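# Structural overview
Read off the chains here:
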Amino acid sequence: LAIEFTSHISRAFMLTQGERCTRARAAVRYMAVPVTNGAFTTFLGIFVIAFSDYEYFKLYFFWQYVSIIAVCWINGVIVLPILLSFFGPPSLDAAASDAVRASHADLGGVPEQQEF
């Protein structure tokens, strides 16, 4: 989960051109909703365990998994963009960015950069 939440934000950050702060805002703008949907659907998948008759399942699976989801979501959607806005690497150059966009066209592509 931690890899999934951070990789989407990081990828959007690297494919956007501009200053680091602008790129971090764009990454959150484009990817916060999909990452949040992923966290929510993962939570829905384990929600039924909260009603288990076995305390062991509730304590060591449900609550632990909910904690992991919450910490990973906070790390990916809040902490990572803040760190990237201060310490993020430079964006991919235009040629590399176009090649990545073309290679991911079958997945719906990467949103084009918009001015803020």
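Before any of the text, the structure's been laid out above.
Values in this document were obtained by computation on a predicted structure and should not be read as measured data.

By secondary structure assignment, the location of Arg23 is in helix H2 (residues 20-46). Among buried charged residues, Arg23 stands out as having no salt bridge; its nearest opposite-charge side chain is Glu19, 7.9 Å away. Reaching out from Arg23, the side chain makes a polar contact with the backbone oxygen of Phe13 at a distance of 3.1 Å.

This paragraph deals with the nonpolar core. Side chains of nonpolar character tend, in soluble globular proteins, to be buried together. Counting 11 residues, the largest nonpolar core consists of Phe5, Ala32, Val35, Ala39, Ile46, Ile49, Phe62, Val66, Ile69, Cys72 and Val77. For this core, the secondary structure elements donating two or more residues are H2 and helix H3 (55-87). Considering every element that reaches this core, the biggest residue donor is H3, with 5 residues. Ignoring any residue separated from it by four or fewer positions in sequence, one finds Val35 in contact with Phe5, His8, Trp73 and Val77. With 8 residues, the next largest nonpolar core counts Ile9, Phe13, Ala24 and Ala27 among its residues.

Another point: H3. At Asn75, H3 shows its largest bend, some 35°. Along H3, the residues that are buried comprise Lys58, Phe62, Val66, Ile69, Cys72, Gly76, Val77, Leu80, Pro81 and Leu84. Looking at the buried side of H3, the elements it contacts are helix H1 (2-15) and H2.

Turning our eyes to something else, we now look at the packing of H2 against H3. Packed helices, taken two at a time, are described by the angle their axes make and the gap between the axes. Between H2 and H3, the least distance of the axes is 9 Å, while the angle of their chain directions is 175°. The angle between H2 and H3 falls in the class roughly antiparallel. Contacts from Arg20, Cys21, Ala24, Val28, Ala32, Val35, Thr36, Ala39, Thr42, Phe43 and Ile46 of H2 reach H3 at Phe61, Phe62, Tyr65, Val66, Ile69, Trp73, Val77, Pro81, Leu84, Ser85, Phe86 and Phe87. Looking at side-chain class alone, the contact of H2 with H3 contains 19 nonpolar, 3 polar and 1 charged residues.

The rules behind these values
Residues numbered from 1 in each chain as written. Predicted model: local features only at pLDDT ≥ 70, side-chain atom pairs only at ≥ 80, totals over all residues. Heavy atoms only, no water. Helix = DSSP H or I, 4+ residues; strand = E, 2+ residues; numbered from the N terminus. Buried < 20%, exposed > 50% of the residue type's maximum accessible area, 1.4 Å probe, protein only. Lys, Arg positive; Asp, Glu negative; His and termini not counted. Salt bridge = Lys/Arg side-chain N within 4 Å of Asp/Glu carboxyl O. Polar contact = N/O pair within 3.5 Å; in protein donor to acceptor, adjacent residues only side chain to side chain. Core = buried A, V, L, I, M, F, W, Y, C linked by side-chain atoms within 4.5 Å. Contact = heavy atoms within 4.5 Å. Bend = angle between axes of the 7 residues up to and from the residue. Axes fitted to C-alpha atoms, helices over the stretch in contact; angles between N-to-C directions. Parallel < 35°, antiparallel > 145°, perpendicular 65-115°, else oblique. Nonpolar A, V, L, I, M, F, W, Y, C, P; charged D, E, K, R; others polar.

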